[in-house]
Amino acid sequence: MAMSSAERQKRYRERSRSGDHQLARLNMTVSETTRQQLQRLASFYEMTNRSMLEVLVLAADEKVMAMLLEEDIATYLNPLRRNKRKRTN
C-alpha cells in the first residue's frame, strides 16, 4: 500500500534530522514582499530559497561578528546571556 502524505512527510523530517547535515525546522510567515525578494535573489543566484537564506544569514552574522569588541563576542554567541542584558539600540 502507498504511503500517505503525512507518512512521507514524517519520514522526510526524520531523515533531515539525522546524518552529517542536521537540519532544523523553521516555521514562520513573512510578508509577501519578503517572500518575493527571497525568491528573486535565489533565482538570480541559481540557488534554492533555503540556500539563499543561509547565505544571507551567514553574511549578516559575519558582519556583526566583525563589528563586535572581543569581550562582547561571548555574549553575542550565547543567546541566554544576551537576553539578560538589555539592548540599548
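Computed from a predicted structure; not experimentally measured. (Residues numbered from 1 in each chain as written. Predicted model: local features only at pLDDT ≥ 70, side-chain atom pairs only at ≥ 80, totals over all residues. Heavy atoms only, no water.)

A. Examining the packing of helix H2 (residues 32–44) against helix H3 (residues 49–67) more closely. Where H2 contacts H3, the axes come no closer than 9 Å and their chain directions differ by 95 degrees. Comparing their axes, H3 and H2 come out roughly perpendicular. Packed against H2, whose contacting residues are Leu38, Gln39, Leu41 and Ala42, the element H3 presents Asn49, Met52, Leu53 and Leu56 at the interface. Looking at the contact of H2 with H3 residue by residue, the class counts come to 6 nonpolar, 2 polar and no charged. (Axes fitted to C-alpha atoms, helices over the stretch in contact; angles between N-to-C directions. Helix = DSSP H or I, 4+ residues; strand = E, 2+ residues; numbered from the N terminus. Parallel < 35°, antiparallel > 145°, perpendicular 65-115°, else oblique. Contact = heavy atoms within 4.5 Å. Nonpolar A, V, L, I, M, F, W, Y, C, P; charged D, E, K, R; others polar.)

B. Quick look at the confidence of the model for the chain. With 85% of its residues at a pLDDT of 70 or more, the chain has an overall mean of 86. When pLDDT is averaged over each element of the chain, H2 comes out on top at 98 and helix H5 (residues 79–84) at the bottom at 62. (pLDDT = per-residue confidence, 0-100.)

C. A look at the pattern of salt bridges. Under the definition given, this model contains 2 salt bridges. Linking Arg35 and Glu32 is a salt bridge whose minimum nitrogen-to-oxygen distance equals 2.4 Å. Within this pair, Arg35 and its partner Glu32 are both found in helix H2, separated by 3 residues, close to a single helical turn. The salt bridge partner of Arg50 is Glu54, with a shortest N-O separation of 3.5 Å. Here the residue Arg50 and the residue Glu54 both occupy positions in helix H3, the gap between them amounting to 4 residues, near one helical turn. Given a relative accessible area of 43%, Glu54 falls into the partly exposed group. (Salt bridge = Lys/Arg side-chain N within 4 Å of Asp/Glu carboxyl O. Buried < 20%, exposed > 50% of the residue type's maximum accessible area, 1.4 Å probe, protein only.)

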